[in-house]
Amino acid sequence: MNSVYKAVKISKNVYWVGAIDWNIRDFHGYTTRRGTTYNAYLVLSDKITLIDTVREPFRDEMLSRIASIINPQDIRFIVSNHSEMDHTGCLAAVMDIVKPDEVYASVVGAETLREMYSIDGVIPIKDGGTLDLGTMTLSFMETRMLHWPDSMFSFVNEEKVLFSHDAFGMHLASSERFADEIDQSILDYEGATYFANILLPYAQLVLKLIEKVDKLGYEFEVVAPDHGPVWRESFDRVLKLYSTWALQQPLKKAVVVYATMWHSTELMARAISEGLARSGVDVKLMSMAENHRSDVAYEVLDAGALIVGSPTLNNNVFPSIADVLTYLKGLRPRNLIGAAFGSYGWSGESIRQIEDILKEMKVDLVSDAVSTKHVPDFHVIDQCFSLGKMIGEQLDKRVTTT
Ligand code: FEO
């Protein structure tokens, strides 16, 4: 073990022993421009316990941080709160090195670890279960489908530390370990981007989870997620933001997403954006040649309108629009109105295809699509402007009355 990597104390007897991935830029389809961290934690109780592990290439970094405070072979228990590979990729190897007495996971987690890595003998813990660590107690709470079926929280009652796996995390590599050391605007942006791209499909469950955490009646002093910084203050603010994001109450904001081949659909997109802006709506005009799908997800999180345009390429919607719509459909944003638009050269099937996907997404189509053959003339540009203005006015009414 080298002596470069150190553990960081996050409460009296709990240490961060994770790894920093400065370079990752694609996290299963989500662009992570600021990298990420894989957080693991060591509870220095009578029975020393490791909470989660890290992505496989970072195993030695984690073991070095552990070795900076204890002999890794003194670890008696390992708890896996979430079995996705970024937290379990090195679990089997770490078990070989550490030889813990027991490994614990949720009921589904124990099964998942067996299926994924052929790790047998993981002890399943039920919701509400506890584990006696000698000088401390670890409690467990299932958070099923947030965001995997196996996910669970664990917390150290004596030190008021919550290990929240992916929840309350963000993809942010930093040399600072605590959120209060990082610029608030970065935390808000990366937190919202993470919620939009990872947790949005389970928004209703997030609201229930917040109630469940409230009912516990604990005042957690430290919240330790599996990605990004550790919260040792302002956790109430984080909970409020999670409620806001989960409720998806729209702002007067519209996202216009488009692709273009010869700039005709782009001309239409710009005219729609002008109409939206004229009605007092905040507009995000996003070309899919210049924006990533996960940036669109971030913008849609608090938007009230989604307007999508595409040329027709070989009887189909343009590939980058198919990409972003497939991604957004999976994220299940709610409370959106919208419409389709686009220019075509021969047959124009893309418009109907966009409308079909928007309907599947439960976007309320408040207007017929605007489409045109070849380059839009000034009549079509006027139509686009009117479409934007009308959607803006509709959005204004909806936002004002909700
Ligand atoms: Fe960070 Fe769902 O894994």
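Think of each chain on its own: its residues are numbered from 1, step by step along the sequence as written. pLDDT decides what is reported in this predicted model: residues at 70 or higher carry local features, side-chain atom pairs at 80 or more are listed and counted, and totals for whole chains, interfaces and linings draw on all residues regardless. Where side-chain values are given, they derive from all heavy atoms of the structure, hydrogens and water being excluded.

Turning next to the packing of aromatic side chains. Pairs were defined over the aromatic rings of Phe, Tyr and Trp, the Trp ring being its six-membered one, requiring ring centres within 6.5 Å. Orientation was assigned from the angle between planes: stacked under 30 degrees, edge-to-face over 60, tilted for the rest. Counted by the stated rule, this structure contains 11 aromatic pairs. Measuring from ring centre to ring centre gives 4.8 Å for Phe168 and Tyr242, while their planes differ by 55°; the resulting arrangement is tilted. With Phe168 in the loop between strand S15 (161-163) and helix H5 (184-199) and Tyr242 in helix H7 (residues 235-247), the pair connects residues that are 74 residues apart, well separated along the chain. When sorted by exposure, Phe168 lands in the same class as Tyr242, which is buried. When the ring of Phe195 is compared with that of Tyr242, the centres are 5.1 Å apart and the planes differ by 85°; the resulting orientation is edge-to-face. Here Tyr242 lies in helix H7 and Phe195 lies in helix H5, a separation of 47 residues in the sequence. Here the aromatic residues Phe153, Phe168, Phe195, Phe235, Tyr242 and Trp245 are joined through ring pairs into a cluster of three or more. Under the scheme used here, helices are H or I runs from DSSP no shorter than 4 residues and strands are E runs no shorter than 2 residues, and both carry numbers assigned from the N terminus. Each residue's exposure class comes from its accessible area (1.4 Å probe, protein chains only) as a fraction of the maximum for that residue type: buried when under 20%, exposed when over 50%, partly exposed otherwise.

This part covers the domain arrangement of the protein. The source of the domain bounds is an automatic or database domain assignment. The domains assigned to the protein are domain 1 (8-247) and domain 2 (254-395). Summarising the inter-unit geometry, the C-alpha centres of domain 1 and domain 2 are found 38 Å apart. At the interface, 15 residues of domain 1 touch 13 residues of domain 2. Together, the buried faces of domain 1 and domain 2 total about 1,200 Å²; carbon and sulfur atoms form 56% of this surface. Ranking the residues of domain 1 by area buried against domain 2 places Asn197, Leu200 and Pro201 at the top, with a combined share of 37%. We define a salt bridge as a contact between a side-chain nitrogen of Lys or Arg and a carboxyl oxygen of Asp or Glu at a distance within 4 Å. Applying the counting rule to domain 1 against domain 2 returns one salt bridge. A salt bridge links Arg33 to Asp295, with the nearest nitrogen and oxygen atoms 2.7 Å apart. Two N or O atoms count as a polar contact when they lie within 3.5 Å, although within protein this holds only if one can serve as hydrogen donor and the other as acceptor, and sequence-adjacent residues are included solely when both atoms are side-chain atoms. At the surface where domain 1 touches domain 2, the tally comes to five residue pairs in polar contact (both at pLDDT 80 or more). In this description, contact between two residues means that some pair of their heavy atoms is separated by no more than 4.5 Å. Here the quantity called buried area is the total loss of accessible area, with a 1.4 Å probe, experienced by two parts when brought into contact, counted for both.

Time to look at the layout of surface pockets. Space inside and on the surface of the protein is sampled on a 1 Å grid over the protein atoms alone, with a cavity defined as a set of points where a 1.4 Å probe fits but cannot get out and a pocket as an open set with protein on both sides within 12 Å along at least 5 of 7 lines; lining residues have an atom within 4 Å of a point. Grid points are joined across faces, edges and corners, and a volume is the space filled by probe spheres set on the points. A volume near 290 Å³ is recorded for the largest pocket. Along its surface, the largest pocket is lined by 19 residues, and Met261, Trp262, Thr312, Tyr344 and Gly345 are the ones closest to its centre. Mapped onto the lining of the largest pocket, the elements with two or more residues apiece are helix H8 (264-278), strand S20 (312-313) and strand S22 (337-344). For the lining of the largest pocket, the class distribution of residues is seven nonpolar, 12 polar and no charged. Three categories are distinguished: nonpolar for Ala, Val, Leu, Ile, Met, Phe, Trp, Tyr, Cys and Pro, charged for Asp, Glu, Lys and Arg, and polar for the others, with Gly belonging to the last.

Axis definition: a line fit to C-alpha positions, over the contact stretch in the case of helices; interaxial angles, taken between N-to-C directions, run 0 to 180 degrees. Where helix H9 (residues 293-300) meets helix H10 (residues 319-331), the axes come as close as 10 Å, and the angle between the chain directions of the two elements is 45°. As summarised for this structure, H9 and H10 are arranged oblique, according to the angle between their axes. Judged by the twist between their axes, the crossing of H9 over H10 is right-handed. Across from Arg293, Ser294, Val296, Ala297 and Val300 in H9, the residues of H10 making contact are Asp323, Val324, Tyr327, Leu328 and Leu331. Residue classes in the contact of H9 with H10 are distributed as seven nonpolar, one polar and two charged. These descriptions rest on fixed angle ranges, namely under 35 degrees for roughly parallel, over 145 for roughly antiparallel, 65 to 115 for roughly perpendicular, and the rest for oblique. Crossing chirality is assigned from the near helix's rotation relative to the far helix, an anticlockwise turn below a right angle marking it left-handed and a clockwise turn marking it right-handed.

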